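Residue-level structural notes
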Amino acid sequence: MAEKDATASGDDAIRVSGMQFAYEVEDPIFFDFNLDLPAGSRCLLVGANGSGKTTLLKILAGKHMVGGKNVVQVLSRSAFHDTQLVCSGDLSYLGGSWSKTVGSAGEVPLQGDFSAEHMIFGVEGTDPVRREKLIDLLDINLQWRMHKVSDGQKRRVQICMGLLHPFKVLLLDEVTVDLDVVARMDLLEFFKEECDQRGATIVYATHIFDGLETWATHLAYIQDGELNRLSKMTDIEELKTSPNLLSVVESWLRSEIKLVKKKKKPVAPWKPSPFDNSPFRSSRHMAYYR
Ligand SMILES: Nc1ncnc2c1ncn2[C@@H]1O[C@H](COP(=O)(O)OP(=O)(O)OP(=O)(O)O)[C@@H](O)[C@H]1O
């Protein structure tokens, strides 16, 4: 059970109550999941691979419909049902690679020959001063051809576009991973200003903890779809005795692995499944699509 954050209140920017979610009915990821984050917070979302961080961020971004209108609330509005949240730019999600889903081929990277200028200036209704600031901060060359630039350069343009509107809630899924250290540190400083000056709220899922000890205000640790811990950074006792956040999170994840190994049960005998005759069950023929 998560340690409850004492700051949780009526002005929470994010409020999740009793959420259940499953990609596959028989194997739910979240069951009775709760999360409250106050406005103005910068929350790190940590957890092992597959613990549910991306899924949670996508749910908060309104990309998955979950339960009724009160279950997942962002800025006191339903993340999924209130499409104005995203359309107005109040809620912004930055994650994954730049791609689009194409039928059976899955996620296909965007490959058109567009300039960075075309992409950035194509976002309507933005403040030119903010746009210039972001282009400068991310050191973007407007003449870059998007199909010829590096992953990090592509990522800079993607981040710039996602930040053009002054968001109230920003969800970040490992987007700084391709950035060099200068771009990453400058961007983190920009995010800090956005929270301190405008009261924006950020949830940032990452496995890279460098420089985040003093950047974050809160930390949420997800373990296998459960909120193991939600606390202010200043309340994390282990941080007072450990050299850095990396070693604290490492020790949590190592204890998690030990626990899983202990709990591991023998594999259940094979049982027939109703999907055995389905044309959609996995088969050697599916290898064609890889
Ligand atoms: N589209 C999907 N269909 C079915 N299961 C999925 C799908 N996406 C994710 N999962 C499963 O949901 C669980 C949580 O995945 P998720 O991507 O949210 O984890 P994560 O914490 O973001 O992991 P990572 O640190 O590796 O990015 C995993 O067990 C994963 O296999």
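Residues numbered from 1 in each chain as written. Predicted model: local features only at pLDDT ≥ 70, side-chain atom pairs only at ≥ 80, totals over all residues. Heavy atoms only, no water.

In the nomenclature of UniProt, the protein chain corresponds to ABC transporter I family member 19 from the organism Arabidopsis thaliana. According to the UniProt record, the Subcellular location comment for the protein chain reads "Cytoplasm". For the record of the protein chain, the UniProt heading Sequence similarities holds the text "Belongs to the ABC transporter superfamily. ABCI family." (UniProt positions renumbered as here; feature names shortened; annotations may be inferred.)

If you look at the biggest cluster of nonpolar residues, it comprises 46 residues, and the most contacted ones within it are Leu163 and Phe191. When residues of this core are assigned to their parent elements, the largest contribution, six residues, is made by helix α6 (residues 181–198). Beyond its immediate stretch of four places on either side in the chain, Phe191 contacts Arg42, Leu163, Leu170, Leu172, Ile202 and Trp215. The next biggest cluster of nonpolar side chains, apart from the first, holds 32 residues, and it includes Ala13, Met19, Leu37 and Cys43. (Core = buried A, V, L, I, M, F, W, Y, C linked by side-chain atoms within 4.5 Å. Buried < 20%, exposed > 50% of the residue type's maximum accessible area, 1.4 Å probe, protein only. Helix = DSSP H or I, 4+ residues; strand = E, 2+ residues; numbered from the N terminus. Contact = heavy atoms within 4.5 Å.)

In spatial order, the strands read β6-β9-β10-β3-β11-β12; together these six strands make up an open sheet with mixed pairing. If you trace the sheet from one side to the other, it starts and ends with β6 (91–95) and β12 (226–232), each paired once. Neighbour to neighbour, the strand axes of the sheet diverge by 15° on average, direction disregarded. Of the pairings in the sheet, the one linking strand β11 (residues 218–223) to β12 comprises six bridges and is antiparallel in character. Along β12, the bridge assignment pairs Gln223 with Glu226. Sitting on the sheet, helix α1 (residues 53–60) touches β3 (42–46), β6, β9 (169–173), β10 (201–205) and β11, and the angle it makes with β9 is about 150°. The sheet contacts of helix α5 (residues 151–163) involve β6 and β9, and relative to β6 the element is tilted by about 170°. (Pairing = 2+ DSSP bridges. Axes fitted to C-alpha atoms, helices over the stretch in contact; angles between N-to-C directions.)

This paragraph deals with α6. Taking 1.5 Å of rise per residue, the 18 residues of α6 would be expected to cover 26 Å, and the 25 Å separating its terminal C-alpha atoms lies within 8% of that figure. For α6, the complete set of buried residues consists of Ala183, Arg184, Leu187, Leu188, Phe190, Phe191, Glu194 and Cys195. Angularly, the buried residues of α6 cover 160° about the axis, an arc narrow enough to put them on a single face. Residues of α6 that are exposed and point over 90 degrees away from its buried face: Val181, Val182, Asp196 and Gln197. The secondary structure elements touched by the buried residues of α6 are β3, α4 (128–137), α5, β9 and β10. The residue sitting at the N-terminus of α6 and contributing the capping side-chain oxygen is Asp180; that oxygen lies 3.2 Å from the backbone nitrogen of Val182. Among the residues trailing α6, Gly199 stands out with phi positive, at a value near 75°. (Expected span 1.5 Å × (residues − 1). Arc of directions from axis to C-beta. Polar contact = N/O pair within 3.5 Å; in protein donor to acceptor, adjacent residues only side chain to side chain.)

Mapped onto the elements, Asp210 comes out in the loop between β10 and β11. The exposure class assigned to Asp210 is exposed, which follows from its relative accessible area of 53%. When the C-alpha atoms of Asp210 and Leu171 are compared, they prove to be 19 Å apart, with 39 residues separating the residues in sequence.

A few words on the sheet that holds strand β4 (residues 72–74). The strand order across the open sheet built from four strands is β2-β1-β4-β5, with neighbouring strands paired in antiparallel fashion. The sheet is open, and its two borders are formed by β2 (30–38) and β5 (77–78), each paired with just one other strand. Of the strands in this sheet, β1 (12–21), β2 and β4 are in contact with α1, which crosses β1 at around 115°.

This part takes up the UniProt feature "binding site: ATP" in the protein chain. When the UniProt feature table is mapped onto this chain, "binding site: ATP" is found at Gly47, Ala48, Asn49, Gly50, Ser51, Gly52, Lys53 and Thr54. On the secondary structure map, Gly52 appears in the loop between β3 and α1. Taking the relative accessible area as the measure of exposure, Gly52 reaches 8% and is therefore buried. With sequence-adjacent residues up to four places away left out, Gly52 is seen in contact with Ile29, Phe30 and Ile222. Mapped onto the fold, Thr54 is located in helix α1. When residues no more than four places from it in sequence are discounted, the contact partners of Thr54 are Tyr93 and Asp173.

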